[in-house]
Amino acid sequence: MNTIVYSEKEIKCVCWDFDYTILTVHTGGIVQDFIGEDGMREKMSYLASQVSPSFIKQFVYFFSKGVKQCVVTFGDSSFNTEFDDKNKRRVSGDKLVKMVFEAYVQKEGLNLPENVKKALIEMVVFGFLPDWRKNNSSTDEEKEKWRLNNNKNIHLEMSMKTFNVNNSEIILIDDDLRNINCAKASGFNTIHVSTAGYTSFCELV
Ligand SMILES: [Mg+2]
């Protein structure tokens, strides 16, 4: 296990990517269910079993240090609900993250302290998909903007505003090198997850 050290005084907020960082798998951004409530429950139960144990250990540690934590993801519930209809359920963004954590504390994380369970379920989720990615009929100009701006700096700026912290006080933990490099270039601290799911430990001293 890789241990990373930061100064306790300098870090106030940690932004977690969801797919391939908190989870060892990728949800594709949307969970769809065509067979009703049971199917959805089974799917959430499976995703809960894929929450990285190192993430939980790290979450508990940061929580004990009073560090703010949030999830930053391109999964966007406000976008995908447009496709809802009576026979299908689609869950994305903040809704998906919360359902996975709820399933986790009910099955996998039974031994966690109650305040940790509560913090996990109530973790702030910035689920945001930029407009130009939502539009299938994007122009070439928009596609170029998509390519250049396909990073999480918008999500990180949301975290700065919400938690009233500076970029140098935030760590982004993400498996996508594009997100990492753009965040680094904008003065954020970063931890790149090079395996499917977080396996490191970050210590604040
Ligand atoms: Mg990811």
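It should be noted that the structure appears before, not after, this text.
It should be emphasised that the depicted structure is a prediction, and the values quoted were computed from it without experimental measurement.

### Here's the deal with the nonpolar core
Moving on, step 1. Val14, Cys15, Trp16, Val71, Val100, Leu172 and Ile173 are the most contacted members of the largest nonpolar core, which has 43 residues in total.
Moving on, step 2. In terms of residue count, the dominant contributor to this core is helix H5 (residues 93–107) (6 residues).
Moving on, step 3. The contact partners of Val14, leaving out residues within four places of it in the chain, are Phe62, Val67, Gln69, Ile171 and Ile173.

### Quick look at the environment of Ser78
Moving on, step 1. Along the chain, Ser78 falls in helix H4 (residues 77–80).
Moving on, step 2. For the pair Ser78 and Gly127, spaced 49 residues apart in sequence, the C-alpha to C-alpha distance is 8.6 Å.

### Some words on the sheet that holds strand E2 (residues 13–16)
Moving on, step 1. The 5 strands are arranged E6-E4-E2-E7-E8 in an open sheet whose pairing can be described as parallel. With one partner strand each, in any of the chains shown, strand E6 (124–127) and strand E8 (189–192) form the two edges of the open sheet. Strand after strand, the sheet turns through a mean of 25° between neighbouring axes, direction not considered.
Moving on, step 2. Bridge count for strand E7 (residues 170–174) against E8 is 4 bridges, and the pairing is parallel. Of the residues in E8, the one forming a bridge with Ile173 is Ile191.

### Structural notes on H5
Moving on, step 1. Taking 1.5 Å as the rise per residue, H5 with 15 residues should run 21 Å; its terminal C-alpha atoms sit 22 Å apart, in good agreement.
Moving on, step 2. Listing the buried residues of H5 in full gives Gly93, Asp94, Leu96, Val97, Val100, Phe101, Ala103 and Tyr104.

### As for the packing of H5 against helix H6 (residues 114–121)
Moving on, step 1. Running from amino to carboxyl end, H5 crosses H6 at an angle of 160°, the nearest separation of the two axes being 9 Å. Considered as vectors, H5 and H6 are oriented roughly antiparallel to each other. Crossing geometry of H5 relative to H6 is assigned as right-handed. Along the contact surface, H5 presents Lys98, Phe101, Glu102 and Val105, while H6 presents Lys117, Leu120 and Ile121.

What counts, and at which threshold
- In this convention, every chain numbers its residues from 1, walking through the sequence in written order.
- Whole-chain, interface and lining totals are the exception, using all residues; otherwise, since this is a predicted model, local features are given only for residues with pLDDT of at least 70 and side-chain atom pairs are given and counted only at 80 or more.
- Put simply, a nonpolar core is a cluster of buried Ala, Val, Leu, Ile, Met, Phe, Trp, Tyr and Cys residues tied together by C-beta atoms within 7 Å.
- Residues are called buried when their C-beta atom has 20 or more other C-beta atoms within 10 Å, exposed when it has 12 or fewer, and partly exposed otherwise; all C-beta atoms are positioned from the backbone.
- A run of DSSP states H or I qualifies as a helix once it reaches four residues; a run of E qualifies as a strand once it reaches two. Both are numbered from the N-terminal end.
- C-beta atoms are first placed from the backbone for all residues, and any pair lying within 7 Å is then listed as a contact.
- A pair of strands counts as paired when DSSP detects no fewer than two bridges linking them.
- Whenever a helix is involved, its axis is fitted only over the stretch in contact; in every case the axis is a line through C-alpha atoms, and angles between N-to-C directions fall within 0 to 180 degrees.
- Here a helix's expected span is defined as the number of its residues, less one, multiplied by 1.5 Å.
- Any angle from 65 to 115 degrees is called roughly perpendicular, while one under 35 is roughly parallel, one over 145 is roughly antiparallel, and all others are oblique.
- For any pair of crossing helices, the crossing counts as left-handed if the nearer helix is rotated counterclockwise from the farther one by less than a right angle, and right-handed if it is rotated clockwise.

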